[in-house]
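Fold and contact review
As a plain string of letters, each chain reads:
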Amino acid sequence: MRAIIGWTSPPCGRVPERVLPSIKDSGSAVDSWSMGARRHDAGSRRSPLAAALSVAPEERTLAGRVCGVLYIVGGITLWLSALLAALPGVSWTLLSAVAVFAVGWGLVSVVAIPWRRAPWWLIHLSTAGAFGVIAVAIASSGGGESPAWIYLFFVGLFAAYFYRPVVAFAYFAACVITHGCALIFDPQGATSVSVGQFVIASPAYFVLGGAIVTGRRQMWRARRQAERLAAEQGGLRRVATAVVDGDSPERLYELVASEVARLLSAGAAGILRLESPTEMVVMGSWADRNGGRYEPITTIS
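Residues numbered from 1 in each chain as written. Predicted model: local features only at pLDDT ≥ 70, side-chain atom pairs only at ≥ 80, totals over all residues. Heavy atoms only, no water.

What follows is about the overall build of the protein. What the protein contains, in helices and strands, is 8 helices and 4 strands. Each helix and strand of the protein, ordered N terminal to C terminal, gives the series β-α-α-α-α-α-α-α-α-β-β-β. Within the protein, buried positions represent 38% of all 301 residues. In the protein, once contacts between residues fewer than 6 apart in sequence are set aside, the share between residues at least 24 apart is 66%. Taken as a whole, the protein presents about 16400 Å² of accessible surface, with 65% of it coming from carbon and sulfur. (Helix = DSSP H or I, 4+ residues; strand = E, 2+ residues; numbered from the N terminus. Buried < 20%, exposed > 50% of the residue type's maximum accessible area, 1.4 Å probe, protein only. Contact = heavy atoms within 4.5 Å. Areas by Shrake-Rupley, 256 points an atom, 1.4 Å probe, with all protein chains shown as cover.)

Once that is clear, we can look at the packing of helix α2 (residues 60-84) against helix α5 (residues 151-162). Direction vectors running N to C along α2 and α5 enclose 170°, while the axes themselves pass 11 Å from each other. Classified by the angle between their axes, α2 and α5 sit roughly antiparallel to one another. On α5, the residues touching L62, A63, V66, C67, L70, V73, G74, T77 and L78 of α2 are Y151, F154, F158 and F162. (Axes fitted to C-alpha atoms, helices over the stretch in contact; angles between N-to-C directions. Parallel < 35°, antiparallel > 145°, perpendicular 65-115°, else oblique.)

Let us look at the pattern of salt bridges. Within the structure shown, the criterion is met by 7 salt bridges. The residue E259 makes a salt bridge to R238 at a minimum N-O spacing of 2.6 Å. Of the two residues, E259 is situated in helix α8 (residues 249-264) and R238 in helix α7 (residues 192-244); the sequence distance between them amounts to 21 residues. Among the residues examined, E259 registers a relative accessible area of 7% and is labelled buried. Ionic pairing is found between R273 and E275, a salt bridge with its closest N-O pair at 2.4 Å. On the basis of relative accessibility, which here comes to 29%, the residue R273 falls in the partly exposed class. Because the salt bridges share partners, they merge into one network encompassing E58, R223 and E227. (Salt bridge = Lys/Arg side-chain N within 4 Å of Asp/Glu carboxyl O.)

Running from amino to carboxyl end, α5 crosses α7 at an angle of 25°, the nearest separation of the two axes being 8 Å. One element, α5, and the other, α7, form an angle in the roughly parallel class. Judged by the sense of rotation from one axis to the other, the crossing of α5 with α7 is right-handed. When α5 is examined against α7, the residues L152, F153, L157, A160 and Y161 are found in contact with a partner set consisting of A201, A204, Y205, L208, G209, I212, V213 and R216. Looking at the contact of α5 with α7 residue by residue, the classes come out as 11 nonpolar, 1 polar and 1 charged. (Left-handed = near helix turned anticlockwise from the far one by under 90°. Nonpolar A, V, L, I, M, F, W, Y, C, P; charged D, E, K, R; others polar.)

With that out of the way, let us pick up the environment of A135. Looking at the element boundaries, A135 is found in helix α4 (residues 120-140). Separated by 46 residues in the primary sequence, A135 and C181 have C-alpha atoms spaced 8.4 Å apart.

Next up on the list: α4. Spanning 21 residues, α4 covers 32 Å between terminal C-alpha atoms, matching the ideal 30 Å at 1.5 Å per step. Regarding α4, the residues found buried are L122, I123, H124, S126, T127, A130, F131, V133, I134, A137, I138 and S140. Phi turns positive, to about 115°, at G142, one or two residues after α4. (Expected span 1.5 Å × (residues − 1).)

Quick look at the nonpolar core now. If you look at the biggest cluster of nonpolar residues, it comprises 41 residues, and the most contacted ones within it are L78, I123, V155, F158, Y163, Y171 and Y205. Only α2, α3 (92-112), α4, α5, α6 (165-184) and α7 provide two or more residues apiece to this core. If we ignore the near neighbours within four places in the chain, the residues touching Y205 are W149, L152, F153, F172, C175, V176 and H179. (Core = buried A, V, L, I, M, F, W, Y, C linked by side-chain atoms within 4.5 Å.)

Shown next, in the form of structure tokens:
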């Protein structure tokens, strides 16, 4: 009988008591049992809050640059809309300052900030700061009649794509609150048009954002399944190649153990032969650090 075991602590000559009872003779020539523990990486040492709020490592650069592009587009179109639409009650000094700030921060985000190495909170500072920028843009370009509230969709859709669902929905709620405050604190008072826009936009933040969140989750699920299938097929191919090449049994067992550890994200793994209900012999093992594996033919009781 063989058992495939994953461990994360240095070998000490004994298998945890919860392992042996889990290996039962089913009457077949080969039986297997496996367990794995995820490696501790740089991300796992962060607080749970930081882990929940962080953007996926492979998307940090894209997220930072997209955020910058949205700032640039918002700053340019804000100034052009006020100029071409001849909006009433425009404060050109304040509006121009907001537009320049948005374009400037956007350029810094696209060109200067190394987002992959940047702290996790910086992208949230950039995203959440957009609420203040949009609020000032609304106030400086006509208040309740300003079309600048549309920029709230920039924030909501960005959060839906790059952030975890719970975080994204918090941003959707913030979009509704910011939109509502723009109407409440409008010195000229809310009009029927601005109220109607708010009534339509409020659920739209959640509906459109929720659709993106759902689609992203389905995409990530399919991607993980495809990556796992590719990893399994790659492991089988490497083992089959070693068998055809005539590698020694010790080398084959070590290779199988390393492939199992890789699939389980374990720090180590081994293949053991059950000699008795309380004793096993290591046929081969692998570990990602020195001193973390058993030598072949080691007896474990």
